[in-house]
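Listed here are the chains, written in short residue letters.
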Amino acid sequence: MDRLQCRVGGLELKNPLIAAAGEHMIDASGVERAIRAGAGAVVMKSTNESQAAKDQLLRAEYMAFGPDWRPAVWGADAPADVTLASRSGLAPQSFDQWLSQVIVLDRIAREHDCLLIASLILADLDQAEGLARQVEQAGLRALEFNIGTPYASQAVKGAVSTELLPERVREIVARIRATVSIPLGIKLTGQSERVPELAEAAFDSGADNVVMAGRLLGFVPDIETLDPFLGTSLAVGGYWNLPLTCQWLALTRARVGPEASLVGINGAQSGLDIARMLLSGASAVGMASAVMLRGYEVITRSLADLDNWLAEKGLTATQAVGISADRRKSFAEMPLIGEHWRNFVPA
Ligand SMILES: Cc1cc2nc3c(=O)[nH]c(=O)nc-3n(C[C@H](O)[C@H](O)[C@H](O)COP(=O)(O)O)c2cc1C
């Protein structure tokens, strides 16, 4: 399976599938299953110093919607076109307990040639520096710092962050970069029209890779009860987010150049979706909710499908990166095709 090997910000991965953070990455058993399923990297459920962020997990709710915006079954049998909605919280353990668990899991990951990534979410920057330092001192190999959770506007003030300004990103990343020397990934919000600028700011300040992009917030009324589903605004995601992620990847690649390592996340459900994100400029691709909803077999199946596709195209994962993005043209470069538009309106 050598053709699956890839490089992300100076790190070699055995394949580009990153089993990304979610509730299925809280218990050690879940992380271990993702490792054993063959993921190239696994991101632990995030933590920070905020008790409010931990408490939020005990208020958390999740649901799947069908395309009619009615509840759909949760589980492996959910239809492919579900939208997932949640209001989540952070890892429930104390930071010390979380770190001890990550250290044990890192050993298991190493035995499987898998990269275990510790994940922190920004609350207070001074505190984040301290936590990041402890992650490095514990011997962990990589840190992901999420500065773009969907929930900052909804959660208790100071629990999590949604950073929207390039100047702020520059400052935050510079501080964490000065604190740790292990590879540093910055996870950005998707709730911005400036994702490429935010990514550029992160790279300028020393990020090794940038993960794009976080989920959006949505609001769905229940047509029966007239209440909002789950009582509030929700982070939403699903297969339909893939074009948006691919667009951010392609635009960011155009802005920061092909050498900068991008990680695509938000909307990947399958091996071919991973291929789509690689073609758009991702060096690796995160998958969270598809695995949380359908189980760890999604990882194994996606890797087999990606490998088949690469073999069929005569490509390695590395060679696939950015091919479609680099063929992207402007509207003005498209040929004139007359009244072709008439074929697309009702007769
Ligand atoms: C229930 C749930 C919990 C999540 N928890 C975290 C988290 O702790 N840290 C984090 O960085 N991202 C977290 N995420 C975001 C995912 O890692 C991912 O960025 C997002 O779900 C989009 O990717 P997907 O379409 O593969 O799910 C969570 C997502 C979900 C659905």
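Up top is the structure these notes are about.
Computed from a prediction, not measured in an experiment: that's the story for all the values here.

**As for the overall build of the protein chain**
Across its full length, the protein chain carries twelve helices and 15 strands. Relative to the 2.2 N^0.38 estimate, which gives 20 Å for 347 residues, the radius of gyration of the protein chain is 20 Å and therefore close to what a compact globule would have. The dimensions of the protein chain, computed from C-alpha atoms along their principal axes, are 65 × 50 × 40 Å. Relative to its 347 residues, the protein chain shows a buried fraction of 50%.

**Re the packing of helix α6 (residues 195-204) against helix α7 (residues 242-256)**
The N-to-C vectors of α6 and α7 enclose an angle of 50°; their axes lie 9 Å apart at closest approach. It follows that α6 is oblique to α7 by the angle criterion. With respect to the hand of their crossing, α6 and α7 are arranged in right-handed fashion. Contacts between α6 and α7 involve Val 195, Pro 196, Ala 199, Glu 200 and Phe 203 from the first element and Trp 248, Leu 251, Thr 252, Arg 255 and Val 256 from the second. Among the residues making up the contact of α6 with α7, the classes are represented as seven nonpolar, one polar and two charged.

**Re the sheet that holds strand β6 (residues 71-72)**
Two orientations exist for strands paired in a sheet by backbone hydrogen bonds: parallel and antiparallel. Reading across from one edge, β6-β5-β7-β13-β12 is the order of the five strands in this open sheet, with antiparallel pairing throughout. The sheet terminates laterally at β6 and β12 (216-218), the two strands that pair on one side only. Alignment of strand β5 (residues 61-65) against strand β7 (residues 83-87), held across five bridges, turns out to be antiparallel. Bridge pairing in β7 places Phe 65 opposite Thr 83.

**Quick notes on the environment of Ile 103**
Topologically, Ile 103 is positioned in helix α3 (residues 95-111). Look at Ile 103 and you get partly exposed, because 15 C-beta atoms sit within 10 Å. Along the chain, Ile 103 and Ala 118 lie 15 residues apart, while their C-alpha atoms are 9.4 Å from each other.

**Some words on the sheet that holds strand β4 (residues 41-43)**
Ordered in space as β3-β4-β8-β9-β10-β11-β14-β15, the eight strands form a closed barrel in which the pairing is parallel. Strand-to-strand twist across the sheet, computed as the mean angle between neighbouring axes with direction ignored, equals 25°. One ladder, built from four bridges, connects strand β8 (residues 115-121) with strand β9 (residues 143-146); its direction is parallel. For Ala 118, the partnering residue across the bridge sits in β9 and is Leu 143. Seen against the sheet, α3 touches β4 and β8 and runs at an angle of roughly 150° to β8. On top of the sheet, helix α4 (residues 125-137) reaches β8 and β9; it is set at about 165° to β8, its chief contact.

What counts as what
Numbers given for residues are sequential positions, taken from 1 along each chain in its written order. Per-residue local features are limited, in this predicted model, to residues with pLDDT of at least 70; the limit for side-chain atom pairs, both in listing and counting, is 80 or more; totals at the level of whole chains, interfaces and linings are taken over all residues. Helix and strand assignments come from DSSP, with helices taken as H or I runs of at least 4 residues and strands as E runs of at least 2, each series counted from the N terminus. Restricting the calculation to C-alpha atoms gives the radius of gyration, and the globule rule supplies 2.2 Å times the number of residues raised to the power 0.38. Any residue whose C-beta has 12 or fewer other C-beta atoms within 10 Å is treated as exposed, any with 20 or more as buried, and any in between as partly exposed, C-beta atoms being built from the backbone. Every axis corresponds to a line fitted to the C-alpha atoms, with the helix fit spanning only the stretch in contact, and the corresponding angles, defined between N-to-C directions, vary from 0 to 180 degrees. For classification purposes, an angle smaller than 35 degrees is called roughly parallel, one larger than 145 roughly antiparallel, one from 65 to 115 roughly perpendicular, and anything else oblique. In a left-handed crossing the near helix is turned counterclockwise from the far helix by less than a right angle, and in a right-handed crossing that turn is clockwise. The contact criterion used here is simple: two residues whose C-beta atoms, placed from the backbone, lie within 7 Å are in contact. Side-chain classes follow a simple rule in which Ala, Val, Leu, Ile, Met, Phe, Trp, Tyr, Cys and Pro form the nonpolar group, Asp, Glu, Lys and Arg form the charged group, and the remainder, Gly included, forms the polar group. In short, DSSP must find at least two bridges between two strands for them to pair.

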